Amino acid sequence: MNNPNLASKGVIQVLFIAAEADPFIKVGGLGDVAGSLPAALRKLDPALTGGYLVDVRLAIPFHGAINTTSREVKPLVTVSVPKPGGTVEAQVFQTEHDGLPVYLISGEPIPPEAPVYSLDTQKDGEKYAFFSLAVLQMLRALNWQPDIIHANDWHTAASVFMLDKLRRTDPFFKLMHSVITIHNLPYMGAGIASALDAFGIPPSNDQRLPEWGRHFPLLMGLSTADQIIAVSPTYAREILTPEMGLGVQDFLNSRADSVSGILNGLDQANWDPSTDPALRNNFSLKTLPKRAYNKAALQEEFDLTVDPSMPLIILISRMDQQKGVDLAINGLRQVTHLPWQAILLGSGDPNLENACRHLEADFPDRVRAAIRFDVRLSRRMYAGGDCLLMPSRYEPCGLAQMIAMRYGCLPIAHAVGGLRDTVLDVPGKPKVSTGYLFEEATAEAVAAALTRAVTDFSDKPGWIARQKFGMQQDFSWTKYAAQYAHTYLKLKEEG
Ligand code: ADP
């Protein structure tokens, strides 16, 4: 809540743009962030922002799947998006969510039947090129001059690129600054050059960019953005390296002064073991012993031996190469001399799904594979599992490890990206540890970390200390939204 006793110094105005935002539409993690960060920014206490209020407004495409029956959606304005040889009309609608003004933009390139992300690269390219231009025209039509345009990922990065052209020549845009958040660097917007061309968006001529990337909207936007934010401090450093920079590390290094990292927050009200309706036995820091009922219920549900002393390892993940599911499976196979049970939940790559089923078939007395997407089950698993395996090869931020810690489940994670920034592992010091980290993305490293965890599990006081410290971590959006607000403020003050 804003503190009424603190006179605010002024207002930072921000247009936040994204392909998706919860609760309007959510397909992936970007939807979570775009659905919660703007709301958190609006609610920031000015004491955390140097005395400023943040007037942030959200703009997303008016996807056909957005359900508007439960909210008022008003037509606001129609704008013309320029295109070689003519214009395309964009209709701007206004609605709000929890006090956050939201602009929904529709037009012929955003057909109602199209999914948020389609397999048709050309169509996606046209949709997001159109949207990226439409938001700029919308500002002019509304005569609103935000201090900051904040784009996310490749879909909206062309806005930042075109803003740079406009602000050089058009006084209306002159004082606007730009921010791009990189949620996942590999998705740069490849293959949409002709869609950009169709909307008169030229390729970048920034010589710092590799030739092959000059018509990738993410890279075009990054070349002109005033600030580049990766979704964790460690990921911000990693993308500057040849191992994780995907061929654009030299370019990013040339912009290193403008690259920073801010973690994503967790919706701590939604992920709260003391209120989670999916649990039959809610618990909190103060009632931690009640957690044991959840473990017993989970063992029973999966027809595993109900035994509190048996470490229960869980994996909750997209079945994807990125997530290191193969490393998890092979790591478990290397420590079958130790006592543990495992439940693996996920879906995706059929090879990885099958590898999970094979592990179950080979160890029917202690492994269960649940090959599906099941949020309620995931909640029971976080509440009943002792350790969450998260051996991601790379992890820009990651939410599963934060959820696990809030639920008293200790992450066993590869020390990369957001995992390194959120999991605390100080060997021999359980009171300041929240889980286990390993350095190499190998099955051997997973096995070694599993061995440490299974060994520590028999030291109850140490284990409980780790659980409690994990449950006390603050992963709230407030903390990270304040970091975004400071970034905006710095840009605004630089003029
Ligand atoms: P990513 O966004 O890369 O998949 P994150 O760790 O940021 O990884 O977020 C993953 C989210 O998806 C977590 O909330 C996790 O609990 C959830 N999740 C992943 N797989 C499943 C599944 N099979 N069933 C239910 N929830 C899942």
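Only a predicted model underlies this, so the values are computations on that prediction, with no experimental measurement involved. (Residues numbered from 1 in each chain as written. Predicted model: local features only at pLDDT ≥ 70, side-chain atom pairs only at ≥ 80, totals over all residues. Heavy atoms only, no water.)

## Details of the site of the ligand
(1) Moving on: Around the ligand lies a shell of 17 residues, among which Arg318, Lys323, Arg372, Asp374 and Tyr382 are the nearest.
(2) Moving on: Within the backbone of Asp374, a nitrogen or oxygen atom sits 2.9 Å from a nitrogen atom of the ligand.
(3) Moving on: One nitrogen or oxygen atom from the main chain of Leu399 is found 2.9 Å from an oxygen atom belonging to the ligand.
(4) Moving on: Mapped onto the shell around the ligand, the elements with two or more residues apiece are β10 (312-319), β11 (341-348), α11 (375-384) and α12 (400-406). (Near = heavy atom within 4 Å. Polar contact = N/O pair within 3.5 Å; in protein donor to acceptor, adjacent residues only side chain to side chain. Helix = DSSP H or I, 4+ residues; strand = E, 2+ residues; numbered from the N terminus.)

## As for the confidence of the model for the protein
(1) Moving on: Mean pLDDT over the protein stands at 96; residues scoring 70 or higher make up 98%.
(2) Moving on: In this model residues 1-6 is a low-confidence stretch, pLDDT under 50, and it forms 13 contacts with partners more than four residues away in sequence or in other chains. (pLDDT = per-residue confidence, 0-100. Contact = heavy atoms within 4.5 Å.)

## Description of the pattern of salt bridges
(1) Moving on: Counting across every chain of the model gives 24 salt bridges.
(2) Moving on: Measuring nitrogen to oxygen at the nearest pair gives 2.9 Å for the salt bridge that ties Arg168 to Asp164. Note that Arg168 and Asp164 are positioned in helix α3 (residues 153-169) at a spacing of 4 residues, about one turn of the helix.
(3) Moving on: For Asp362, the salt bridge is made with Arg333, and the minimal N-O distance between the two is 3.0 Å. Residue Asp362 is located in helix α10 (residues 350-362), and its partner Arg333 is located in helix α9 (residues 325-334); the two are separated by 29 residues in the primary sequence. (Salt bridge = Lys/Arg side-chain N within 4 Å of Asp/Glu carboxyl O.)

## Description of the sheet that holds strand β2 (residues 52-61)
(1) Moving on: Taken in spatial order, the 9 strands of this open sheet run β3-β4-β5-β2-β1-β6-β7-β8-β9, and their pairing is mixed. Strand pairing shows two members of the sheet lacking a second neighbour, β3 (74-83) and β9 (259-261), which therefore form its edges. Strand-to-strand twist in this sheet, taken as the mean axis angle between neighbours without regard to direction, amounts to 25 degrees.
(2) Moving on: As paired strands, strand β4 (residues 86-97) and strand β5 (residues 100-107) are joined by 8 bridges and run antiparallel to one another. Within the sheet, the bridge partner assigned to Gln91 lies in β5 and is Ser106.
(3) Moving on: With respect to the sheet, helix α2 (residues 121-142) is in contact with β1 (10-17), β2, β3, β4, β5 and β6 (148-152), its orientation differing from that of β3 by roughly 115 degrees.
(4) Moving on: This element, helix α16 (residues 477-494), spans β1, β2, β6, β7 (177-182), β8 (227-230) and β9 of the sheet and lies at about 110 degrees to β1. (Pairing = 2+ DSSP bridges. Axes fitted to C-alpha atoms, helices over the stretch in contact; angles between N-to-C directions.)

## A few points about the sheet that holds strand β13 (residues 387-390)
Adjacent strands of a sheet pair through backbone hydrogen bonds, lying either parallel or antiparallel.
(1) Moving on: Pairing within the open sheet is parallel, and its 6 strands lie in the order β12-β11-β10-β13-β14-β15. The sheet is open, and its two borders are formed by β12 (367-370) and β15 (436-438), each paired with just one other strand. Pairs of neighbouring strands in the sheet enclose a mean axial angle of 15 degrees, with direction left out of account.
(2) Moving on: Packing against the sheet, helix α15 (residues 460-471) makes contact with β13, β14 (410-414) and β15, and its axis sits at approximately 80 degrees to β14.

## Quick word on the nonpolar core
(1) Moving on: Counting 138 residues, the largest nonpolar core has Leu41, Ile201, Tyr382 and Tyr488 as its most contacted members.
(2) Moving on: Among the elements that line this core, the one with the most residues is α2, at 10 residues.
(3) Moving on: For Ile201, the residues in contact, after removing those within four places along its chain, are Ala129, Leu133, Ala158, Phe161, Met162, Leu196 and Met220.
(4) Moving on: With 34 residues, the next largest nonpolar core counts Met319, Leu344, Ala447 and Ala453 among its residues. (Core = buried A, V, L, I, M, F, W, Y, C linked by side-chain atoms within 4.5 Å. Buried < 20%, exposed > 50% of the residue type's maximum accessible area, 1.4 Å probe, protein only.)

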